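Given next are the chains, with one letter for each unit.
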Amino acid sequence: MATVRLDQKNRALTRGIPNTFDRALSNFFGTGPTDIALAKDQHRAYRQALLAAGIEVTVLPSDDNHPDCTFVEDQAVVIDGHVLLPVPGHPSRVNEQPPISEFITRQLTGTKICSMHGDARMDGGDILRLGDLFFVGRSSRTNDAGIEELRDLLTHLGHELRVIEIPGHALHLTSISSTPTDTVIIAPEGFLPKDAFGELPEGCEVKWMPAEEVYGCNTIGLPNGQVLLAEGYPTVLKAIEEMGLEPVLLDMSQIREADGSLTCCSLFF
Ligand code: GLY
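One structure accompanies this document, and this report is about it. Nothing here was measured: the structure is a model prediction, and the numbers come from that model.

The next subject is the overall build of the protein chain. Looking only at helices and strands, the protein chain has five helices and 14 strands in total. The principal-axis extents of the C-alpha atoms in the protein chain amount to approximately 45 × 40 × 35 Å. Contacts spanning at least 24 positions in sequence make up 69% of the contacts within the protein chain whose residues lie at least 6 apart. When the accessible surface of the protein chain is summed, it comes to about 10600 Å², and 48% of that surface belongs to carbon and sulfur atoms. Counting 21 positive and 38 negative side-chain charges, the protein chain places the centres of these two groups 4 Å from one another.

Looking now at the sheet that holds strand β3 (residues 77–79). Whenever strands of a sheet pair, they do so through backbone hydrogen bonds, lying parallel or antiparallel. Strand order across the open sheet formed by three strands is β3-β4-β5, with mixed pairing between neighbours. With partners counted over all chains shown, the strands left at the sheet margins are β3 and β5 (113–115), one partner each. Averaged over neighbouring strand pairs, the angle between their axes works out to 20° when direction is ignored. Here β3 pairs with strand β4 (residues 82–85) via three bridges, running antiparallel. Paired with isoleucine 79 across the two strands is histidine 82, which belongs to β4. Those strands touched by helix α3 (residues 144–157) are β3, β4 and β5, and its axis lies near 175° from that of β4.

In this section: the packing of aromatic side chains. Applying the stated rule across the entire model yields six aromatic pairs. Aromatic pair phenylalanine 29 and tyrosine 215: ring centres 4.9 Å apart, planes at 85°, arrangement edge-to-face. Pair noted here: phenylalanine 29 is in the loop between β1 (11–15) and α1 (36–52) and tyrosine 215 is in the loop between β10 (205–209) and β11 (220–221), with a separation of 186 residues, a long-range link. On the numbers, 6.3 Å between centres and 50° between planes, the contact of phenylalanine 197 with tryptophan 208 is tilted.

As a further point, take the site of the ligand. Near the ligand you find Leu25, Asp68, Phe71, Arg93, Arg141, Leu171 and Ala258, and these make up its full shell. When the residues that make up the shell around the ligand are grouped by side-chain class, the tally is four nonpolar, no polar and three charged.

Time to look at the sheet that holds β1. One open sheet holds the three strands; their spatial order is β2-β1-β14, and the pairing between them is mixed. The open sheet terminates on both sides in strands that have one partner only, identified here as β2 (56–60) and β14 (267–268). Judged from the two bridges that link them, β1 and β14 form a sheet pairing that is antiparallel. From the neighbouring strand, alanine 12 faces β14, where its bridge partner is phenylalanine 268. Packing against the sheet, α1 makes contact with β1, β2 and β14, and its axis sits at approximately 170° to β1.

Formed by 60 residues in total, the largest nonpolar core has its most connected members in Phe21, Leu50, Phe135, Phe197, Leu200 and Leu228. Among the elements that make up this core, the one with the highest residue count is α1 (five residues). The residues touching leucine 50, leaving out its near neighbours within four places in the chain, are Ala12, Ile55, Val57, Leu222, Leu228, Ser266 and Phe268.

Attention shifts here to the environment of arginine 47. Mapped onto the fold, arginine 47 is located in helix α1. When its relative accessible area of 18% is taken as the criterion, arginine 47 is described as buried. In this structure, the C-alpha to C-alpha distance between arginine 47 and threonine 14, residues 33 residues apart in sequence, is 7.8 Å. For arginine 47, the residues in contact, after removing those within four places along its chain, are Thr14, Val57 and Val59.

What follows deals with α3. Given 3.6 residues per turn, any residue in an α-helix points the same way as the ones three and four places further on. Over its 14 residues, α3 runs 20 Å from end to end, which matches the ideal 20 Å to within 8%, given 1.5 Å per residue. In this fold, the buried residues of α3 make contact with β3, β4, β6 (127–130), β7 (133–138) and β8 (160–165). The first or second residue beyond α3 is glycine 158, which carries a positive phi of 80°.

The subject of this paragraph is the pairing of β2. In the sheet, β1 pairs with β2 via five bridges, with the strands oriented parallel. Bridge assignment links threonine 14 to a residue of β2, and that residue is valine 59. Note that the unit made of β1, α1 and β2 has a crossover that is right-handed.

Looking at the element boundaries, aspartate 259 is found in the loop between α5 (253–257) and β14. Look at aspartate 259: it is buried, it has no salt bridge, and the nearest opposite charge is arginine 141 at 6.3 Å. Separated by 2.6 Å, the side chain of aspartate 259 and the backbone nitrogen of asparagine 27 make a polar contact. Every residue in contact with aspartate 259, bar those within four places of it in the chain, is listed here: Leu25, Ser26, Asn27, Phe28, Phe29, Gly30 and Leu171.

What counts and how
- Every residue gets a number counted from 1 within its own chain, in the order that chain's sequence is written.
- Selection of residues for local features in this predicted model requires a pLDDT of at least 70, selection of side-chain atom pairs for listing and counting requires 80 or more, and totals for whole chains, interfaces and linings are taken over all residues.
- Hydrogens and waters are ignored; side-chain quantities use all the structure's heavy atoms.
- A helix here means a DSSP run of H or I that spans at least four residues, while a strand means a run of E at least two residues long, and both kinds are numbered starting from the N terminus.
- Contacts are assigned to residue pairs with any non-hydrogen atoms lying within 4.5 Å of each other.
- Reported accessibility uses the Shrake-Rupley method at a 1.4 Å probe radius. Residues are deemed covered only where the shown protein chains occlude them.
- Counted as positive: Lys and Arg. Counted as negative: Asp and Glu, with His and the chain ends omitted from the count.
- Think of each charge as sitting on NZ of Lys, CZ of Arg, CG of Asp or CD of Glu.
- Should DSSP find at least two bridges between two strands, the strands are regarded as paired.
- Axis definition: a line fit to C-alpha positions, over the contact stretch in the case of helices; interaxial angles, taken between N-to-C directions, run 0 to 180 degrees.
- Two rings from Phe, Tyr or Trp (for Trp, the six-membered ring) form a pair when their centres sit within 6.5 Å of each other. Planes less than 30 degrees apart are called stacked, planes more than 60 degrees apart edge-to-face, and all others tilted.
- Here a residue is considered near a molecule or strand provided that any single heavy atom belonging to it is located within 4 Å of it.
- In this count, Pro and Cys sit with the nonpolar residues alongside Ala, Val, Leu, Ile, Met, Phe, Trp and Tyr, while Asp, Glu, Lys and Arg are called charged and the others, Gly among them, polar.
- By nonpolar core is meant a set of buried Ala, Val, Leu, Ile, Met, Phe, Trp, Tyr and Cys residues that side-chain atoms within 4.5 Å join together.
- Relative accessibility under 20% of the residue-type maximum defines a buried residue, over 50% an exposed one, and the middle range a partly exposed one, all with a 1.4 Å probe and only protein chains included.
- To estimate how far a helix should reach, multiply one less than its number of residues by 1.5 Å.
- The path from the first strand over the helix to the second decides the hand: if it runs clockwise while the strands point away from the viewer, the crossover is right-handed.
- We define a salt bridge as a contact between a side-chain nitrogen of Lys or Arg and a carboxyl oxygen of Asp or Glu at a distance within 4 Å.
- For the purposes of these results, a polar contact is taken to be a pair of N or O atoms within 3.5 Å, where, inside protein, one atom must be able to donate a hydrogen and its partner to accept one; residues adjacent in sequence count only when each atom of the pair is a side-chain atom.

Put into C-alpha cells, the structure is as follows:
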C-alpha cells in the first residue's frame, strides 16, 4: 500500500482471489484473467513473499459477488494510524468495502475512522506516499471532492498533498508509479510530465523508466530492504539492484490481466 512509510509496514491485509476473477474490471493493462487457478497461485506466492519478509499477513475470504475484491488497497486509506474509508470510484466496487472496514475497525481500536460522503469518490490506489509527502491522482476513479476529503485529513496530520492528473490510458496513480523507498519514486516515461511530482525534498528523486515497463513501476518496498517486483521488467529490476535493494520477483501475469498491480493486493495498517 502506498500510504505508509517503510517503517510502518508491519501488518498487511489481503483478500483471496474470487472464483469470478475472470469478470474483474479489465480496461488498462489486461483484457481479463483467463486462468483463475494460476491467479490463486500467484496471489499465494505474493502473500508468501510478504510473510517471508516478516510482515504479518491476514487473508480475508474472497467474495464471488465482487470479482475485484482482491484489490483491497482501493478500499481504505490508512495514514499514520488514521483511517479514511473512501467511496470507491467504480460502482461495482462499492460493496467490497464492509468486510475490510470491519476488519480495520477491529484491528485499530481507538482509531478515528472517517468515511467519505456525498459526491466524493476515491480509490486508495490513487494515493502515493514519499516519506511524509503525499500525491493523489485525479483519475477516472478519484474526483475533486474525494481529493478535498483526503486533503482535510492530511492537513490535520501536517502532511502536504500534491495533485497529479492521471492520463486517460492509466487507471490509478499507483498503476504508473511507486515508492520502493521513502526517497525514490519510480515512474514510466510518457505517462506524466517530467515535473508532475514537483520539487521534491532534499535527497529525493524520480527515477524514470521506459514507457514499456510501466507495469513494472509498481513495486512494494519492505522494511528489510527487499522490494517486491513483477517479473519481466529488466530496467526496473536493474534500478532496484543499483539502489542496493534486494529484488523479489513475482509472476503477476493473471493479476495484471485484471489491471491489478502489486500494491493493489495489500493494505498495510
Ligand atoms: N480491476 C481493478 C479495477 O478496475 O479497479
